[in-house]
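As a plain string of letters, each chain reads:
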Amino acid sequence: MKKNVILLLSICFCLTFLISACRGETDTQLESSYSDETSENATSEPDKVVSITINPDSVYDPESDYDYMFREVSNGSCAARSDKGYYFINKEIIYFSDAGKISPIPLCNRINCTHDGDGCNAYIGDQEQMNISYCDGYVYTVIADIISSTEMSPKLLRIAADGSSKDVVLDDMAITGCIVFHRGYGYYASSDYDISSEDVISHTRLMRLDLSDYSQDVIYETDGEISWIMAYGDYLYINVSKRLDKGEEICEFDERYYYTSTGDIDFKEAPLPDGTSQAVMSFSNGKIILSLMFDDLSGFAWLTEPDERDNVIYISDLDFTDMTEWNTKKEHISMGTDGNLIYEDNFVRFLYGLDESRSLEISDKDHNKITTVDLPVSYNSSARYGDENYYFYLDESGESLYYLDKRTLSSDTVELTSVF
C-alpha cells in the first residue's frame, strides 16, 4: 500500500478522519441507550437539556486498559482515567479530578505542600511531557531531561493514584514517541537514527515493559518507523511506515498495519481492502471501527476529487475478520463514536478554508443532530472523542484543556468549559 504525501501536509493526514458511526443492522453490536424521547428533544427549543445515558464500553476496563478514547496524535493523551476519576497534566503539575464534576487538584497528599518543587508528589518540573496514562493504581508520564538541542534523556515517572508517592521507575529510556499502557504492560517504540540517510530512521524495535518488575523485551523489529501503537481487549495494533522515495516536495511511503494477541505475540499484517493507502482505527464494544483512504494522495486530488470509498466506514472483529461496510461519513469531516453518539469534527474543512471556524457536531446514532459545539481555534486534531462522561479538547498551545459534560448536553450551540 503506497501513499504519496506532501511534506507540509504529512501531519495533517495523521490527524484526520477519526472514526465513525452506528446505525442499521449493526446497532446490536454497538449497544446504545439513546432513546426515541432523546431524539425528539434534539429538535426542541434552544437550551433545552438533552437527557442521555451513555453506556460504557463493555470491553474497556478503566483500571487496567489503554485509554484509546482520549488518544492524541502519536498515542499521547490529554487525559487519563481510573475508576475513581481523571488525571491531567498542566504545565509542571499532574492533577486529579473526581468523575462527578471536573474540579482538578494537584495529585499530592503532602500536608501544606506548595506544589512548586521536587518535594511535591504532583510536581514533574519543566519537562517535555509526552503523555499521561493510568494503569493499575499508578499514573505514568514520560519526562525528559534536555541535554542539548539534539539530545535528551527520557525517564518514566510513576505517581501513586492517591498522590502518596512519586518515583522514576525507568531511567534513560530509548523511546520514540509515546508509551501505551495496557493490562500490566507498557508498549513503546525505540528507533535508531541515521541523519546521513534519506530514511533518517534506520531501525525500530517495539519494546514491551513488564509493570510488575519493569523488565523489558523486544517483541517486534522493523526497518521502518512505528508511527502509532494501540491496544484494546486482548490485542495490540501498530502502524509501520517506510519511506520509499525522497523529493523536494513529495515523499512516497509504504504504510502497513499489524496486529497480534497480547498473550501470544505473533504479528500479522491486517488484511485491509486492496488499494488502501491509509487506515485510521478505533474501537467500541469489542469491534474495530475503520476509516480507510484509497486516494492517490499526490497534490490536492484527495481534497478536490476524493475517492467515494473514503467516505465508507467499516466494522470488523478485533482480528479484522468479518469486515463489512457499516456506514458513511461526510466529505472532509473527521468522525468519532463512543458507541452511542456520533462526533463530527470539521478540522480538515477549517484547515483548508472550507469553514471559517472550528466546530464539533454531535448527533445520535442515526445522524439526527443534537447540538453543535464551538471549538477554540486550533490546527490540532486527534482520534479522541471521550468516554461516557466527558469529551476533552486540547487547544493549539497544548496548555489549555477544555471539556464537555455529555450528561448535560443542550440542543442549542454550546461552548466548552475550561479545565485549565
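The following paragraphs examine the structure supplied in this document. Since the model is a prediction, treat every value here as computed from it, not as a measurement.

**Quick notes on the overall build of the protein chain**
Per the secondary structure count, the protein chain includes four helices and 31 strands. In the protein chain, buried positions account for 55% of the 420 residues. Looking at the protein chain alone, contacts between residues at least 24 apart form 49% of all its contacts between residues at least 6 apart. As presented, the protein chain carries roughly 17,900 Å² of accessible surface, and 44% of it is formed by carbon and sulfur atoms.

**Let's talk about the pattern of salt bridges**
For the coordinates displayed, the defined rule picks out 16 salt bridges. Measuring nitrogen to oxygen at the nearest pair gives 3.2 Å for the salt bridge that ties arginine 349 to aspartate 355. Taken together, the shared-partner salt bridges connect Asp65, Arg183 and Asp234 into one network.

**Considerations on the packing of aromatic side chains**
Counting across every chain of the model gives 27 aromatic pairs. With a centroid separation of 5.5 Å and an interplanar angle of 85°, the aromatic rings of tyrosine 86 and tyrosine 390 are classed as edge-to-face. Of the two residues, tyrosine 86 is situated in strand E4 (residues 85-90) and tyrosine 390 in strand E27 (residues 390-394); the sequence distance between them amounts to 304 residues. One exposure class covers both tyrosine 86 and tyrosine 390, and it is buried. Above the plane of the ring of tyrosine 138 lies arginine 158, whose end atom (NZ or CZ) is 4.3 Å from the centre. Positioned above the aromatic ring of tyrosine 185, the side-chain terminus of arginine 208 is 5.4 Å from the ring centre.

**Observations concerning empty space enclosed by the protein**
Counted under the stated rule, the structure contains four cavities of 30 Å³ or more. Considering only enclosed or pocket space, the largest cavity measures out at about 90 Å³ in volume. Taken together, 15 residues form the lining of the largest cavity, with Asp57, Tyr68, Asp338, Gly386 and Asp387 sitting closest to its centre.

**Notes on the sheet that holds strand E20 (residues 287-293)**
What the four strands build is an open sheet, ordered E19-E20-E21-E22; its pairing is antiparallel. Looking at strand neighbours, the two that pair on one side only are strand E19 (278-284) and strand E22 (324-328), the edges of this open sheet. Across the sheet, the mean angle from the axis of one strand to that of its neighbour is 30°, orientation sign disregarded. In the sheet, E20 pairs with strand E21 (residues 312-316) via four bridges, with the strands oriented antiparallel. When the bridges of E21 are listed, serine 291 appears paired with isoleucine 313.

**Let's talk about the side chain of asparagine 90**
Locating asparagine 90 in the fold gives a position in strand E4. Taking the relative accessible area as the measure of exposure, asparagine 90 reaches 12% and is therefore buried. If we skip the residues at most four places from it in the chain, asparagine 90 touches Tyr95, Glu399 and Phe420.

**With respect to unusual backbone geometry**
Its identity is not glycine, yet tyrosine 214 carries a phi of approximately 60°, on the positive side. Mapped onto the elements, tyrosine 214 comes out in the loop between strand E13 (200-210) and strand E14 (216-222). Relative accessible area serves as the criterion here: at 14%, tyrosine 214 is assigned to the buried category. In the Ramachandran plot, aspartate 322 falls in the positive-phi region, its phi being about 55° despite a non-glycine side chain. With respect to the helices and strands, aspartate 322 occurs in the loop between E21 and E22.

**What about the sheet that holds E4?**
Strand order in this open sheet of four strands is E3-E4-E5-E6, and the pairing throughout is antiparallel. Only two strands of the sheet have a single neighbouring strand rather than two, namely strand E3 (80-81) and strand E6 (105-106). The sheet contact formed by strand E5 (residues 93-98) and E6 spans two bridges and is antiparallel. Within the sheet, the bridge partner assigned to tyrosine 95 lies in E6 and is proline 106.

**Focus on the state of the cysteines**
A full pass over the atoms with the stated rule returns zero disulfides. In this structure cysteine 108 is not part of a disulfide, and its nearest cysteine sulfur, from cysteine 120, lies 3.8 Å away. Residue class for cysteine 108 comes out buried when judged on its relative accessible area of 14%. Cysteine 120 forms no disulfide, and the closest cysteine sulfur to it belongs to cysteine 113, at a distance of 3.7 Å.

**Details of the environment of proline 271**
Mapped onto the elements, proline 271 comes out in the loop between strand E18 (268-269) and E19. Not counting residues within four places of it along the chain, the set of residues in contact with proline 271 comprises Tyr259, Phe320 and Met323.

**Structural notes on the environment of tyrosine 95**
Here tyrosine 95 lies in strand E5. Sequence separation between tyrosine 95 and leucine 107 is 12 residues, and the spatial gap between their C-alpha atoms is 5.0 Å. Tyrosine 95 has contacts with Tyr86, Tyr87, Phe88, Asn90, Pro104, Ile105, Pro106, Leu107 and Phe420, leaving out every residue within four places of it along the chain.

Here is what the cut-offs are and how they apply
- Residues numbered from 1 in each chain as written.
- Predicted model: local features only at pLDDT ≥ 70, side-chain atom pairs only at ≥ 80, totals over all residues.
- Heavy atoms only, no water.
- Helix = DSSP H or I, 4+ residues; strand = E, 2+ residues; numbered from the N terminus.
- Buried < 20%, exposed > 50% of the residue type's maximum accessible area, 1.4 Å probe, protein only.
- Contact = heavy atoms within 4.5 Å.
- Areas by Shrake-Rupley, 256 points an atom, 1.4 Å probe, with all protein chains shown as cover.
- Salt bridge = Lys/Arg side-chain N within 4 Å of Asp/Glu carboxyl O.
- Phe/Tyr/Trp six-rings, centres within 6.5 Å; stacked < 30°, edge-to-face > 60°.
- Lys NZ or Arg CZ within 6 Å of the ring centre and 35° of its normal.
- 1 Å grid on protein atoms, 1.4 Å probe; cavity = no way out; pocket = protein on both sides within 12 Å on 5 of 7 lines; lining within 4 Å.
- Points joined across faces, edges and corners; volume = space filled by probe spheres on them.
- Pairing = 2+ DSSP bridges.
- Axes fitted to C-alpha atoms, helices over the stretch in contact; angles between N-to-C directions.
- Disulfide = S-S within 2.5 Å.

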